[in-house]
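# Commentary on secondary and tertiary structure
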Amino acid sequence: MGKLETLKSWLNDALDVIFPRLCEVCGRPLMRGEEVMCLECDYAMPRCNCHNVAFNQIHQKLAGRVPIEKAAAMFYYHAGNRYVKLIHVAKYSGRPNVARSLAGKFAQEIAADGFFDGIDLIVPVPLHRRKQLSRGYNQSLCIAQGLADATGLPVGTNLRAVRHHPTQTRRGMYERWINSQEIYVADDQASLEGRHILLVDDVITTGSTLLACCEAVHAVSSGSRISVLALSSTAFV
């Protein structure tokens with residue numbers, strides 16, 4: 001370790017004493033080498049572990065007019081699950097670095113299994129400009145950037161939300177589907193045609209948002225192959 005790296009390490013240690021970094025799940029101080037979560041919470045995370053299953057629970061949610069090749073989510077999202085904090089902090093508390101860090105970690109975990117093999121472009125689910133202005137960032141873009149950090153794949157902003165819609169929270173399956181209709185459009189057909197696109201979101205509940213994005217991509221580029229990834233997913237019912 002060079003002098004600069006040693007100085008950085010000392011400074012980081014000093015900052016951890018003055019302003020300790022805390023586990024976003026349990027609130028314990030993080031040790032050196034831990035990011036976002038402590039090792040104990042990381043080990044206990046209810047991971048989906050479905051990315052190697054040919055027709056997994058996410059495929060079942062998204063079964064429709066557009067075929068989905070690969071599908072992955074990092075952990076289960078349900079009421080009473082303390083890991084839900086990770087999504088809420090990243091989405092509503094002005095902490096997009098949490099989403100980016102988790103995405104990078106997840107990418108490293110599944111890359112060895114070949115999940116990213118053949119994928120050409122990462123495309124996040126967009127926010128309407130009004131919502132993004134209010135929030136200050138698009139958490140799905142932060143997730144896409146975290147995946148890109150780990151894989152080197154490019155991130156595209158080919159999808160746009162052309163209509164503002166109310167939050168999907170507390171809406172049922174049918175209401176979510178109606179709420180997602182005619183919201184998204186895809187741009188730059190040339191950069192999509194014939195390519196394998198990885199669509200990225202923060203949480204998959206009914207799958208209506210990702211389905212709408214899949215259909216928007218296929219509307220301009222029927223030759224595109226599509227896979228999906230989210231940080232979290234509700235269990236298939």
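Before reading further, recall that the structure is shown in the block above.
Below or above, wherever it landed, is the structure these notes cover. None of the values given here were measured: they were computed from a predicted structure. (Residues numbered from 1 in each chain as written. Predicted model: local features only at pLDDT ≥ 70, side-chain atom pairs only at ≥ 80, totals over all residues. Heavy atoms only, no water.)

### Let's talk about the environment of Ala150
Here Ala150 lies in helix 7 (residues 139-151). With a relative accessible area of 34%, Ala150 lands in the partly exposed category. Dropping the residues within four chain positions of it, Ala150 is found in contact with Gly104, Ala107 and Gln108. (Helix = DSSP H or I, 4+ residues; strand = E, 2+ residues; numbered from the N terminus. Buried < 20%, exposed > 50% of the residue type's maximum accessible area, 1.4 Å probe, protein only. Contact = heavy atoms within 4.5 Å.)

### Section: the packing of helix 4 (residues 84-92) against helix 5 (residues 96-111)
Between helix 4 and helix 5, the shortest axis-to-axis distance is 6 Å and the interhelical angle comes to 130°. Classified by the angle their axes make, helix 4 and helix 5 are oblique. Contacts between helix 4 and helix 5 involve Leu86, Val89 and Ala90 from the first element and Pro96, Val98, Ala99 and Leu102 from the second. (Axes fitted to C-alpha atoms, helices over the stretch in contact; angles between N-to-C directions. Parallel < 35°, antiparallel > 145°, perpendicular 65-115°, else oblique.)

### Brief notes about the pattern of salt bridges
Counted by the stated rule, this structure contains 11 salt bridges. A salt bridge links Asp42 to Arg47; the shortest N-O distance between them is 2.6 Å. Note that Lys105 and Glu109 form a salt bridge whose closest N and O atoms lie 3.6 Å from each other. Of the two residues, Lys105 and Glu109 both sit in helix 5, 4 residues apart, roughly one turn of that helix. Lys105 gets classed as partly exposed once you look at its relative accessible area, which sits at 26%. Among the residues examined, Glu109 registers a relative accessible area of 30% and is labelled partly exposed. By sharing partners, the salt bridges in this structure join Asp42, Arg47, Lys105 and Glu109 into a single network. (Salt bridge = Lys/Arg side-chain N within 4 Å of Asp/Glu carboxyl O.)

### Brief notes about the nonpolar core
In terms of nonpolar packing, the biggest core is built from 41 residues, with Met37, Leu86, Phe116, Leu147, Leu198 and Leu229 touching the most fellow members. Those elements that place two or more of their residues in this core are strand 1 (71-76), helix 4, helix 5, helix 7, strand 5 (196-204) and strand 6 (225-233). The element contributing the most residues to this core is helix 5, with 7 residues. The residues touching Leu86, leaving out its near neighbours within four places in the chain, are Glu24, Val25, Val36, Met37, Met45, Phe75, Val98 and Leu102. (Core = buried A, V, L, I, M, F, W, Y, C linked by side-chain atoms within 4.5 Å.)

### Here we look at the state of the cysteines
Under the definition given, this model contains 0 disulfides. The thiol of Cys41 is not disulfide-bonded; the next cysteine sulfur, from Cys38, is found 3.6 Å away. Exposure remark for Cys41: the relative accessible area of 1% places this residue in the buried category. Among the cysteines around Cys214, which has no disulfide bond, Cys213 carries the closest sulfur, lying 7.2 Å off. (Disulfide = S-S within 2.5 Å.)

### Concerning the sheet that holds strand 1
Taken together, 4 strands build an open sheet; the order of strands is 1-6-5-2 and the sheet is parallel. Where the open sheet ends on each side, the last strands, each with one partner, are strand 1 and strand 2 (121-124). On average, adjacent strands in this sheet sit at an angle of 20° to one another, irrespective of strand direction. Judged from the 5 bridges that link them, strand 1 and strand 6 form a sheet pairing that is parallel. Residue pairing in the sheet places Ala72 in a bridge with Leu229 of strand 6. In the packing of helix 5 onto the sheet, contacts are made with strand 1 and strand 6, and the angle to strand 1 comes to roughly 120°. In the packing of helix 10 (residues 208-220) onto the sheet, the strands contacted are strand 5 and strand 6, and the crossing angle to strand 5 comes to about 160°. (Pairing = 2+ DSSP bridges.)

### Notes on helix 5
Taking 1.5 Å per residue as the helical rise, helix 5 with its 16 residues ought to reach 22 Å, and the 22 Å between its terminal C-alpha atoms agrees with that figure. Every buried residue belonging to helix 5 is among Val98, Ala99, Leu102, Ala103, Gly104, Phe106, Ala107 and Ile110, and all of these are buried. Of the surrounding elements, those touching the buried residues of helix 5 are strand 1, helix 4, helix 7 and strand 6. (Expected span 1.5 Å × (residues − 1).)

### What to know about helix 10
Compared with the 18 Å implied by 1.5 Å per residue over 13 residues, the 19 Å span of helix 10 between its first and last C-alpha is a close match. Of all 13 residues that make up helix 10, 10 are buried, and the element is covered over most of its length. The set of residues buried in helix 10 consists of Ser208, Thr209, Leu210, Leu211, Ala212, Cys213, Cys214, Ala216, Val217 and His218.

### Considerations on the side chain of His51
Tracing the chain through its elements places His51 in the loop between helix 2 (39-44) and helix 3 (57-61). One polar contact links His51 to Asp113, side chain to side chain, over a distance of 2.8 Å. Once you skip the residues sitting within four places of it in the chain, His51 turns out to touch Asn56, Ala71, Ala72, Ile110, Asp113 and Phe115. (Polar contact = N/O pair within 3.5 Å; in protein donor to acceptor, adjacent residues only side chain to side chain.)

None of this, on its own, says anything about what the molecule does.
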